[in-house]
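Residue-level structural notes
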Amino acid sequence: MNDIDPMDFRHRPGSADLIALEGLYGAKNYKPLDVVLTRGQGVFVWDVDGNRYLDCLSAYSAVNQGHCHPKILAAMVEQAGRLTLTSRAFRNDQLAPFYEELCALTGSHKVLPMNSGAEAVESAIKVARKWGYEVKGVPDGQAEIVVAADNFHGRTVAIVGFSTDPTSRGHFGPFAPGFRTVPYGDAAALEAAIGPNTVAVLLEPIQGEAGVIIPPPGYLKRARELCTEKNAILILDEIQTGLGRTGKLLAEAHEGIEADLTLIGKALSGGFYPVSAVLSNSEVMDVLHPGEHGSTFGGNPLACAVARAALRVLTDEGMIENAARIGARLHASLESIRADSVKAVRGRGLMLAVELHPEAGGARRVCEGLQARGLLAKETHANTIRIAPPLILTDHQADWIAEQFEAALR
Ligand SMILES: *Cc1c(COP(=O)(O)O)cnc(C)c1O
C-alpha cells in the first residue's frame, strides 16, 4: 500500500514537476509561458502555487464570457447528466433550438454545426466549391478561392497549404491547389485576383494571429461589393473576431456588411467545449445533401446546450456593449503610455495589441514581466503583445492592465 494520499496538498506536484513531465511526454508544438493553471473564475486564473493572474488572452478569445461562467456551467452539467451524444444518425432536442436562437441572434438563415474552428473553415471551403460547380457553373476541378497573406484559419493540411507563414506550412506539403493569395487590405489586388473560376473570397475581418491587423476603412465593404458583382461567395472567418470581441456581435457590422458564409467558433461555447458553426445568409448551404458532409460530434446535444447558454449570457449580461466601452477606455490608456519601446497600439473593442519596436528586446520578455505582475498575455510573432481579456472586464481592471503594461514596458 502506498501511504501517500495523492490528494494531500503536501504531495501535489508543483509547477516545476508538471512542466518537466509535459516536456517528457508531450509533443513540443507549443512554447507556453511557464505558468501552470489550475482554476479560473471570471477574468482571473490561479496557478498551482496559488498565484492569481488577470487573463489577457482568454484562450485566444474562446472565453469571452469569462472563465467557468456559472450559467454555462449549469447548462453543461445539466445536459451532461441527461444526454451527451446521439450522432446525427438520430435527432436530439437541443439542436433545433440552438439553430433557431443562433439564426435569430446573427440574422442567418442556415447553420452547419461543427466542432473546431478549423473544421468550420474546411466546411466552408467545401460548401463554396460545391456551390461554384453546381450553381455558378465553374468547370469541375477548377474552383479558386482567394485568400489574404498573413491569414490564420487553423491547422489542417488544406488550411496551412494557403498560409503564408513558413512555420505553419513548412514541410507539411504537398498541398491542395485552388487558392490564390493577395495582400490583406489591398482592394485593387483583390479585384484583380477574382476571375471567372473564383468561387469565394475568404478573409478575417481583423487579422488576429497576424498581430491584430485592421484593414483600411472601406476594404471589407469593397470586398463585399466585388463578391456580389463577380458572383463569388464572401466568407468571413469570425472565429476570433466574432461573438462580441470587437464590441459588436460580429466584426462585419463595423462596416455594415453581411458575409455569405460566416464562421464562428471559440467563444460559441464560452470555453467549455469545442463548438463551431458555419452560418449562411443565402441559399449557399442548400448545396449540401445527405451524406455529403458530416461530423460525429457536430451538433451534439451537449455542445448545443452549452452554446445556447454561452450565447444567452453574452447578450443578457451586456458583454458586447461592455467590450465596446471598456475596450475604448483600455485602448486610450494604452495609447497614453509613454515608453520608447512602443511602436503602435491598435485594436477594436477588446481585441487590442501593443506592437514594440524590433530593437526593444522582444514581446516574450515583456510577457514574462507582465506575468510577474499578475497579468497573463501572449506574444504573437516576435514584437506584438495581444490584449484580449474576457468581455466582462471592469473599468478598474482595465486601468490596472494599462498600469501593468506601463510598468513592464519601462
Ligand atoms: C483560432 C482560429 C481558427 C482555428 O480554430 P481552432 O478551433 O483552433 O481550429 C480559425 N480562424 C481564426 C481566425 C482563429 O482565430
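Our structure's up above, just so we're on the same page.
What comes next is a walk through the structure.

Quick notes on the rules
Residues numbered from 1 in each chain as written. Predicted model: local features only at pLDDT ≥ 70, side-chain atom pairs only at ≥ 80, totals over all residues. Heavy atoms only, no water. Pairing = 2+ DSSP bridges. Helix = DSSP H or I, 4+ residues; strand = E, 2+ residues; numbered from the N terminus. Axes fitted to C-alpha atoms, helices over the stretch in contact; angles between N-to-C directions. Contact = heavy atoms within 4.5 Å. Buried < 20%, exposed > 50% of the residue type's maximum accessible area, 1.4 Å probe, protein only. Salt bridge = Lys/Arg side-chain N within 4 Å of Asp/Glu carboxyl O. Parallel < 35°, antiparallel > 145°, perpendicular 65-115°, else oblique. Left-handed = near helix turned anticlockwise from the far one by under 90°. Near = heavy atom within 4 Å. Polar contact = N/O pair within 3.5 Å; in protein donor to acceptor, adjacent residues only side chain to side chain. Areas by Shrake-Rupley, 256 points an atom, 1.4 Å probe, with all protein chains shown as cover. Nonpolar A, V, L, I, M, F, W, Y, C, P; charged D, E, K, R; others polar.

1. Section: the sheet that holds strand E4 (residues 110–114)
Sheet architecture is open: seven strands sit in the order E4-E10-E9-E8-E7-E5-E6, paired in mixed fashion. At either margin of the open sheet sits one strand with a lone partner, and together these are E4 and strand E6 (179–182). On average, each strand axis in the sheet is inclined to that of its neighbour by 20 degrees, with strand direction left out of account. Strand direction decides the pairing type here: E4 and strand E10 (residues 276–280), joined by five bridges, are antiparallel. Note on E10: the bridge partner recorded for Val 111 is Leu 279. Contacts from helix H4 (residues 95–106) reach E4, strand E9 (261–264) and E10 within the one sheet, and its direction differs from that of E4 by about 120 degrees.

2. Section: unusual backbone geometry
With glycine set apart, most residues show a phi of negative sign, and most peptide bonds adopt trans. In the segment running from Gly 173 into Pro 174, the intervening peptide bond is cis, with an omega of 5 degrees. Along the polypeptide, Pro 174 turns up in the loop between helix H7 (166–169) and E6. Phi is positive for His 171, close to 65 degrees, though the residue is something other than glycine. Along the polypeptide, His 171 turns up in the loop between H7 and E6. We classify His 171 as exposed; its relative accessible area is 85%. In the Ramachandran plot, Val 212 falls in the positive-phi region, its phi being about 55 degrees despite a non-glycine side chain.

3. Examining the sheet that holds strand E3 (residues 52–55)
The strand order across the open sheet built from four strands is E1-E2-E3-E13, with neighbouring strands paired in mixed fashion. Of all strands in the sheet, those bounded by a partner on one side alone are strand E1 (37–41) and strand E13 (375–376).

4. Thoughts on the pattern of salt bridges
When charged atoms on two side chains of opposite charge get close, those side chains can pair. In total, this model carries 22 salt bridges according to the counting rule given. Each member of the salt-bridge network shares a partner with another, and the members are Glu 191, Arg 222, Glu 225 and Glu 229.

5. Quick look at the packing of helix H3 (residues 70–80) against helix H10 (residues 301–316)
Put simply, H3 and H10 touch, their axes get as near as 9 Å, and they point 160 degrees apart. One element, H3, and the other, H10, form an angle in the roughly antiparallel class. In terms of crossing hand, the pair formed by H3 and H10 is right-handed. On the side of H3, the interface is formed by Lys 71, Ile 72, Ala 75, Met 76, Gln 79 and Ala 80, while H10 contributes Pro 301, Leu 302, Ala 305, Val 306, Ala 309, Ala 310 and Val 313.

6. Topic: the site of the ligand
Surrounding the ligand, one finds Ser 116, Gly 117, Ala 118, Phe 152, His 153, Gly 154, Glu 204, Asp 237, Ile 239, Gln 240 and Lys 266. A distance of 2.6 Å is found between a nitrogen atom of the ligand and a side-chain nitrogen or oxygen belonging to Asp 237. Within the side chain of Lys 266, one N or O atom sits 2.6 Å away from an oxygen atom of the ligand. Alone, the ligand offers 380 Å² of accessible surface; in the complex the protein occludes 81% of this. Here the shell around the ligand is built from residues that sort into three nonpolar, five polar and three charged.

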